[in-house]
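Summary of the model geometry
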Amino acid sequence: METAKITKTQAQGAAAQTAGAQGAAAGATPQAAATGAASGAAATSAAAAGAAPAAQPTTTLTGSQAVLEALLAEGVRTIFGYPGGAIMPIYDALYDYQDKLEHILVRHEQGGIHAAQGFARTSGQVGVVFATSGPGATNLVTGLADAMIDSTPLVAITGQVFASLLGTDAFQETDVINITTPATKWNYQVTDATEIPAALAKAFYIARTGRPGPVLIDITKNAQQQKFDYAGYVPCQHVRSYRPKPIVRKEYVEQAAKLINGAKKPFVLFGQGVILGHAEAEFKAFIEKGGLPAAWTVLGLSALPTDHPLNVGMLGMHGNYAPNVLTNECDVLIAVGMRFDDRVTGRLDKYAKQAQVVHLDIDPAEIDKNVKTTVPVWGDCKETLPLLTALLEKKTHSEWMGKFKELGKKEVEAVIHNELNPTTEQMTMGEVIKILNELTGGDAVIVTDVGQHQMVACRYAHFNKTMSNVTSGGLGTMGFGLPAAIGAKYGAPDRTVVAIIGDGGFQMTLQELGTIMQFGAEVKILILNNQFLGMVRQWQQLFNDKRYSFVNITSPDYVALAKAYSIEGASINVRAQLKGALKTMLDHKGSYLLEVMVGKENNVFPMVPQGCSVAEIRLS
Amino acid sequence: MQKQEFTITVYTENQIGLLNRIAIMFSRRKINIESLNTSPSEIEGIHRFTIVIQEFEDVVRKLCRQIEKQVEVLKAYFNTNEELIWQEMALYKVPTDVIAEKVKVERLLREYGARAVVIRKDYTVFEATGHREETDRLIKALEPYGLIEFVRSARVAIIKDSSGFHEKLKEFEAQEPGEGVIENEYLGKGTEVFSM
């Protein structure tokens, strides 16, 4: 048994080395390839001479080289990062890997990790970020927490002080493992180079499997420098204690189908689980066969085309009127890959009390966490949805769909029409998004920051393709937009990436304009400037008697700022210029910054006030 | 519904930092840990945590699911006191001269099933195991005779159900890897790969 295992390892190691040598032939990893070739030659000559069998062929690598070999073996091609003292050996090794690994030097580690998130969300791959120890590592924490709550697969690699200095308050030492524990799916500190291949294999496996999430590997400087016998990279396919997918219970699938088939008013809520599970087609087939109206969470956006007849809009605090009101009228509520966030449910004790709840989720901890489930369907929805669809009766539920349309009309009259076709002099955020839709045809990747513009963009942006909406849903991280858009462009280089950002959020991470300048990431930056921290101001207006406490924010000359970074730009404040300016932005080759001055005190409606039931959604 | 005592049993891999990862799941929810015991289990490389808390059942159920979600956790169970057999061990340090002179003390120790662990000229250490109330009663009884020091262990508990955790754990381990799954050769190798 043991012998068989060893043989397999050797075979895989040899295969990895061959791949490494091929890579080197193309001009990369010269050092690794040279050593590989040398050891290969030695093995051949030993065999030819009939000598005693040599030891298992290995290559001598430093820990840093092993890190980069692991990234290559995992298919990584783009890294976002920022060097520093404790990660210098890895950066030194990276110098020899420049042809194989593209490193994007950001201007702040927070920008690096948000870029890696944007990359992961548009590419479907694991995002990778490098940072040094101490402040470098702590600057990643916001992004880790953001990725954790939004289930974004990331591998963050941080440098750490020498193992001999751990715990001595050495220069730039922080206990990054303990700091990041609650914000990571898994983390691990490497203090010896021999641990690196296995630790990284485990990191990538954990980050991308099951419910994805961020993983952090902290590597001490001595481990980065240490040379060791590298026997090849073995991808991880199993961890003793980790079951990424729960076992699908067929009896629950049958019970769920029975409930849905018997429903008069079924209603589907879908979240990012559909996108993360690559189950968009399976989801579409499911709702189409059952004739099931479906509404999306902010992160579920783009899993179903906006204009699909069964798409009834957005859920939650600033969602659409009909799906919120009818949540409290449906008889069977089917949640697919969503987690009943409090921004979706409003007051839990008044949430869908009349409904039987079917919950499909890969994470068993989500079942019954917030909303009591009648039938849980544990599993990857890519697997469970087809099983469920097969048992569904073909239906249309036209009368029930009519109710969504009826309430939808009410929302159009009360809110949407005025937002998209304002008669006031001031421009609205909604009309900007409407024209953007016309010009992009719903094909663009839309990255948003956090605030009013985010909710407006999520409400009104049109999507034809999946993985097109990148936003900070769970953590609500202001400053996310610009760096995430840079990453999104690397994740989807052939697509138009539009970053819609408020004047508040933009000023949090605008240093990343420098990254755009240096690396030429083609990001269209659309600043919707209302001269306020708009969402906080809206709450202060509605709930704090208009006591506008520190929400008035002034902005620099954004166009001049962009120009300083060699980015073209324009600022407009007249409706007549809007379409032309947006067209100029989209047609421009390269990055472009467009500032649109919008109404100062416009509000985002409808709104479910905090502490209210979803049925108490306000239209004004 | 009222808060009651629950014993959470967590089976984990033996990994640095896991204690912190589990402990912060309680502190994040502002749940006080009454007692926590961790030790190797009967299965190689698998550790067992026994954690006692006062909580509502619903909270404990959700908490266990979240604990189970941690990568290095195999299983997390929770039980009420009725479902468990448990013990805590206590050590009592008392002056030897008092013990030698006072026959009552000897009788007291017999009553509580205590045994002497160390006998020195200056003090004697007795050990007793039992439920909290039992070991507490012995403290009260020994106090008048000059109890010098007292220490108690965290709870160790075993489920009454005859199939118990051991079978469930084996089931879990048997779930995966299935036949076509290639083991990562570096994993499960303990000290050969990871410094534990």
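Residues numbered from 1 in each chain as written. Chains lettered and ligands numbered in written order. Predicted model: local features only at pLDDT ≥ 70, side-chain atom pairs only at ≥ 80, totals over all residues. Heavy atoms only, no water.

- An unreviewed UniProt entry lists chain B under the name Acetolactate synthase small subunit, with Dinghuibacter silviterrae given as the organism.
- Regarding chain B, the relevant UniProt record gives this comment under Catalytic activity (unreviewed entry): "2 pyruvate + H(+) = (2S)-2-acetolactate + CO2".
- Recorded in UniProt for chain B, the comment headed Sequence similarities (unreviewed entry) runs: "Belongs to the acetolactate synthase small subunit family." (UniProt positions renumbered as here; feature names shortened; annotations may be inferred.)

- Looking at an unreviewed UniProt entry, chain A carries the name Acetolactate synthase, with the source organism given as Dinghuibacter silviterrae.
- Per UniProt, chain A carries the Sequence similarities (unreviewed entry) text "Belongs to the TPP enzyme family."
- Taken from UniProt, the Catalytic activity (unreviewed entry) comment for chain A reads in full: "2 pyruvate + H(+) = (2S)-2-acetolactate + CO2".

1. Re the domain arrangement of chain A
Residues and elements named next belong to chain A.
- What the domain assignment lists for chain A is domain 1 (59-230), domain 2 (250-403 + 611-616) and domain 3 (429-597).
- Put simply, the middle of domain 2 and the middle of domain 3, counted by C-alpha atoms, are 30 Å apart.
- On inspection of domain 2 and its partner domain 3, the count reaches zero salt bridges.
- Along the contact surface separating domain 2 from domain 3 lie seven residue pairs in polar contact (both at pLDDT 80 or more).
- Residues that form the side of domain 2 that touches domain 3 fall into these classes: nine nonpolar, five polar and three charged. (Domains from an automatic or database assignment. Salt bridge = Lys/Arg side-chain N within 4 Å of Asp/Glu carboxyl O. Polar contact = N/O pair within 3.5 Å; in protein donor to acceptor, adjacent residues only side chain to side chain. Nonpolar A, V, L, I, M, F, W, Y, C, P; charged D, E, K, R; others polar.)

2. Section: the UniProt feature "domain: Thiamine pyrophosphate enzyme TPP-binding" (unreviewed entry) in chain A
- Mapped onto the present numbering, the UniProt feature "domain: Thiamine pyrophosphate enzyme TPP-binding" (unreviewed entry) falls at residues 449-596 of chain A.
- The annotated region residues 449-596 of chain A carries 39% helix and 17% strand content, and the separation between its end C-alpha atoms amounts to 15 Å. (Helix = DSSP H or I, 4+ residues; strand = E, 2+ residues; numbered from the N terminus.)

3. Some words on the UniProt feature "domain: ACT" (unreviewed entry) in chain B
- Feature annotation in UniProt places "domain: ACT" (unreviewed entry) on residues 7-78 of chain B, given in this structure's numbering.
- Overall, residues 7-78 of chain B shows 33% helix and 43% strand. The separation of its end C-alpha atoms is 6 Å.

4. Describing the sheet that holds strand β15 (residues 445-448) of chain A
Residue and element names in this part refer to chain A.
- The six strands are arranged β16-β15-β17-β18-β20-β19 in an open sheet whose pairing can be described as parallel. Two strands bound the open sheet, and with one partner strand each, they are β16 (469-470) and β19 (568-572).
- By the bridge criterion, two bridges tie β15 to β16 in an arrangement that is parallel. Paired with I446 across the bridge in β16 is N469.
- Along the sheet, helix α18 (residues 429-440) makes contact with β15, β17 (497-502), β18 (523-529) and β20 (592-597), crossing β18 at roughly 155 degrees.
- With respect to the sheet, helix α20 (residues 481-491) is in contact with β15, β16, β17 and β18, its orientation differing from that of β17 by roughly 175 degrees. (Pairing = 2+ DSSP bridges. Contact = heavy atoms within 4.5 Å. Axes fitted to C-alpha atoms, helices over the stretch in contact; angles between N-to-C directions.)

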